[in-house]
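These are the residues of each chain, in order.
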Amino acid sequence: MKREVVIIGGGFGGIKTAKMLAKADVNITLIDKTNHHLFQPLLYQVATAALSPGDIAVPIRGIFSKQKNVKVMLGEVVEVLEEQKVVRLKDDRLIPFDTLVVACGAKYNYFGNHAWEKHAPGLKTISNALNIRERILLSLEKADQIDSPEEQQKYLNFVVIGGGPTGVEMAGAIAEIAKRNMMRDYTNFSPEQTHVYLIEAGPRILNGYDDSLSQKAVDMLGELGVEVLQGTAVTHIEQDKVFLEDGVIESPNIVWAAGVVANEVIGTLDVETDRAGRAIVAPDMSLPRHRDIFVIGDAVHMKDDKGNLLPAVAPVAMQQGKYVANLLKDPAAYAAAERKPFRYLDKGSMATIGRARAVADIRGLKLSGFLAWAMWSVIHILFLIGFRNRLHVFVEWMWHYFTYKRGVRLITERPSDPVEPEDDVLGDLRKGA
Ligand SMILES: Cc1cc2nc3c(=O)[nH]c(=O)nc-3n(C[C@H](O)[C@H](O)[C@H](O)COP(=O)(O)OP(=O)(O)OC[C@H]3O[C@@H](n4cnc5c(N)ncnc54)[C@H](O)[C@@H]3O)c2cc1C
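Residues numbered from 1 in each chain as written. Predicted model: local features only at pLDDT ≥ 70, side-chain atom pairs only at ≥ 80, totals over all residues. Heavy atoms only, no water.

Student: So what's going on with the packing of helix α12 (residues 370-383) against helix α13 (residues 387-403)? Which residues, and what values?
Tutor: The contact between α12 and α13 brings their axes to 9 Å, and the two run at 155 degrees. When the axis of α12 is compared with that of α13, the two are roughly antiparallel. Judged by residue contacts, F370, W373, W376, S377, H380, I381 and L382 of α12 engage R390, V393, F394, W397 and Y401 from α13. (Axes fitted to C-alpha atoms, helices over the stretch in contact; angles between N-to-C directions. Helix = DSSP H or I, 4+ residues; strand = E, 2+ residues; numbered from the N terminus. Parallel < 35°, antiparallel > 145°, perpendicular 65-115°, else oblique. Contact = heavy atoms within 4.5 Å.)

Student: Break down a nonpolar patch on the surface for me, citing the residues and quoting the values.
Tutor: Nonpolar side chains collect at one region of the surface, where F387, L391, F394, V395, M398 and F402 lie side by side and expose about 650 Å² of accessible area between them. Judged by relative accessible area, F402 falls into the exposed class, the value being 63%. (Patch = residues over 30% accessible without salt bridge, like charges linked within 9 Å, V, L, I, M, F, W, Y side chains within 5 Å. Areas by Shrake-Rupley, 256 points an atom, 1.4 Å probe, with all protein chains shown as cover. Salt bridge = Lys/Arg side-chain N within 4 Å of Asp/Glu carboxyl O. Buried < 20%, exposed > 50% of the residue type's maximum accessible area, 1.4 Å probe, protein only.)

Student: Before we move on, can you summarise the site of the ligand with the specific residues and values?
Tutor: The full set close to the ligand counts 32 residues, and G13, D32, Q40, N263 and D298 are the nearest of them. The backbone of G13 places a nitrogen or oxygen atom 2.8 Å from an oxygen atom of the ligand. Taking V77, its main chain carries an N or O atom lying 2.9 Å from a nitrogen atom of the ligand. When the ligand is considered free in solution it has 990 Å² of accessible area, and contact with the protein chains removes 90% of it. For the shell around the ligand, the secondary-structure elements that each account for two or more residues are α1 (12-20), β2 (26-32) and α10 (314-329). Here the shell around the ligand takes 3 residues from α10, the largest share from any one element. Its residues assigned to classes, the shell around the ligand shows 15 nonpolar, 12 polar and 5 charged. (Near = heavy atom within 4 Å. Polar contact = N/O pair within 3.5 Å; in protein donor to acceptor, adjacent residues only side chain to side chain. Nonpolar A, V, L, I, M, F, W, Y, C, P; charged D, E, K, R; others polar.)

See below:
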């Protein structure tokens, strides 16, 4: 009998695990609640109208159409029943496993302030990105219809909360739109009227990076016109308002990029978790009390040899997926009383800032500016899945680089949006008033 391997999640970790098992003598069931694999590192470009959703998402079935040992299943896992060795889906289907790989990722952490989510969406899904894009575009339309600069102002304010790589990338891209890209298309306000705020509670943005690169990022954001507020905590958020310790910023464009918490599935496992709900796994990525259940990627709390927590980035998830697949391909290593531990090979980190700037730390080599951006671009194109996506993103970037134009500036009505038009100041525009 072939081993039944169930993988929860078709993100970076889950896809890598399944691909690495292409020639293994196992049956794989890959379950995801969406039908697509999403390249999250470029989500901010969908949110800022540079790319279309189809450029950064590919159907999971398409990825495995030629891999005969993979069965792709659309479904949401709600519980893992460890003793019975089954996972339960939302529609109560039970899927049995011999080995389970939990690669269900993370979601944004509002630190208990759940009401904030509605007013300050995070950037995690295609729907989030389209929602943010629509709010930015509607806001500019609204400002164009108002004559008084005082009344216009709130529609020309943009707030990004959280100064990690996502917040930095998002703020830089919004500044390009608000201060440059689309300005020639609006006649009723000027780029100087727009304000883009990046708010970070900690002492500096890009906290995981070297001090010098954090400072470079502040400088480059400043050149783009982003107002970086470091050491500034958000105390409250309500509709169109962000409250700080010493003031309020009014804006319908508030993006949350401050910290993540593990997916709910982890809470159904028999394992200790950290404060962010991530599973504290054994050195071989398995649960300390269940060696046939592995957790990988953003849902995991694991430290490197120096005691530093591994970052929630795609290379960690992919290397962990490869590690678990290699164990499964080697029955003796899998059955060994003590399995060889997982080791993360850190190849570096980078964050892009606007159209042609970035910061990068490649194994101690610190780069910033155009060269870092060129490296960032090449790496992101290479890691996209599918030749069509790579080609299309490359063409879009070249077009954008030389023309400064953003092609995907569509406002569409999408009833499933988390923010209903009725509750929302921009609703009248959505409804065509
Ligand atoms: C905006 C943004 C920008 C980022 N930029 C970068 C970057 O530049 N570089 C970098 O390295 N990393 C970046 N990251 C982080 C990177 O995307 C993650 O570290 C990586 O996706 C983690 O992989 P994963 O497999 O653990 O989870 P994910 O890739 O998040 O995949 C999880 C999958 O599980 C599915 N799922 C979740 N719950 C269930 C359920 N209950 N049932 C079934 N399926 C479920 C989801 O639909 C999803 O497909 C970024 C993340 C975000 C959000």
